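Given next are the chains, with one letter for each unit.
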Amino acid sequence: MYRENIIPIPGQVQAETTPDQMLSNIIKIENLNVYAGHQHILKNINLEIPRNKVTVLLGPSGCGKTTLLKCMNRLTELYKELKVSGHIYIEDDDILNSNRNIASLRQKMGLLSQRPFPLPVSIYKNVAYGIKLKGIRDRKLIDYSVERNLREVGLWNEVKDRLNSPASGLSIGQQQRLCLARGLAVKPRIILADEPTSALDPISSKIIENLFKEMKKHYTIILVTHIMRQAVRLADHVVFMYYGEIIEQGNPKKLFKNPQTEKLRKYITEGN
């Protein structure tokens, strides 16, 4: 309902997902540990993320969800106090032990933060920025791609008559969708979403959630949240974390109906 028809870009081949890829895991994490000095933040994390599904990292604030997300695109390297060890395989590439350019690694992932951070330029230039990161300079191709990505997040009809207006003039919900469009412009495989609706009103939150439900047809979505109700609405796979450890994981219906640990049982009954 919020996803409009996507305009194909002339001369650009759209990636197709084969049946075998649909069944595979796009990310595999082995023995991941993160320390900040003597503080053990993530403790021996072993996890597989299914392709083209919504995987929810669920747990109380401060349990390591965001740190785990940052490990997946190596944003942890921005924090000198963090020491990271282990393996994160993204489509068979061990990104923690890779010589590949970090920028190219990060282009595999679109990042949506708790609050939207549009660039201090026009709506058009925000999306065009992501496109130009892929080396595209042809104006017609950029125009097509800007429209395509704005349509994909359901924003085109709302902004098509003011593309040259400052992005700061959009509502916060629209800004969040604009940031999502900018992230999609680099053609990622994975979307990392860190509490993306925490600063939004209920209507804007519902729009983002409905977008995720549609977008998992084409992307793998990893969503950090502490809200049980949101996990129930969106998750195909749930990973419950508590103080840096994975406590339980699996199908949300089975997990929430029959929790195997007291920690998850308490989290559910407290109504988070």
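Residues numbered from 1 in each chain as written. Predicted model: local features only at pLDDT ≥ 70, side-chain atom pairs only at ≥ 80, totals over all residues. Heavy atoms only, no water.

Caption draft 1: Spatial organisation of the packing of aromatic side chains. Taken as a whole, this structure holds two aromatic pairs when the rule is applied. Plain terms: the ring middles of Phe-240 and Tyr-267 are 5.2 Å apart, the flat faces sit at 55° to each other, and that makes the pair tilted. Residue Phe-240 is found in strand E9 (residues 237–242), and its partner Tyr-267 is found in helix H11 (residues 262–269); the two are separated by 27 residues along the sequence. An angle of 80° between the planes, with centres 4.8 Å apart, marks the rings of Tyr-242 and Tyr-243 as edge-to-face. (Phe/Tyr/Trp six-rings, centres within 6.5 Å; stacked < 30°, edge-to-face > 60°. Helix = DSSP H or I, 4+ residues; strand = E, 2+ residues; numbered from the N terminus.)

Caption draft 2: The nonpolar core, seen in detail. Grouped together as the largest cluster of nonpolar side chains are 47 residues, with contacts concentrated most on Leu-58 and Leu-150. When neighbours within four sequence positions are excluded, Leu-150 is seen to be in contact with Val-127, Leu-155, Trp-156, Val-159, Leu-163, Leu-178 and Ala-181. Within the second largest apolar cluster, 28 residues are counted, among which are Val-34, Ile-95, Leu-192 and Val-239. (Core = buried A, V, L, I, M, F, W, Y, C linked by side-chain atoms within 4.5 Å. Buried < 20%, exposed > 50% of the residue type's maximum accessible area, 1.4 Å probe, protein only. Contact = heavy atoms within 4.5 Å.)

Caption draft 3: Geometry of the confidence of the model for the protein. The pLDDT averaged across the protein works out to 89; a share of 91% of its residues lies at or above 70. Model confidence for the protein, summarised as mean pLDDT per element, is weakest for helix H1 (residues 19–23) at 45 and strongest for strand E3 (residues 54–58) at 98. Considering only residues more than four positions removed or in separate chains, one finds that residues 1–23, a stretch of pLDDT under 50, has 40 contacts. (pLDDT = per-residue confidence, 0-100.)

Caption draft 4: The sheet that holds strand E6 (residues 109–112), seen in detail. The mixed open sheet is built from six strands, whose spatial order is E6-E7-E8-E3-E9-E10. Strand pairing shows two members of the sheet lacking a second neighbour, E6 and strand E10 (245–250), which therefore form its edges. Direction aside, neighbouring strands of the sheet carry axes that sit 15° apart on average. Here E3 runs beside strand E8 (residues 220–225); their pairing, made up of five bridges, is parallel. From the neighbouring strand, Thr-55 faces E8, where its bridge partner is Ile-222. Along the sheet face, helix H7 (residues 172–184) touches E6 and strand E7 (190–194) and points at about 165° away from the line of E6. (Pairing = 2+ DSSP bridges. Axes fitted to C-alpha atoms, helices over the stretch in contact; angles between N-to-C directions.)

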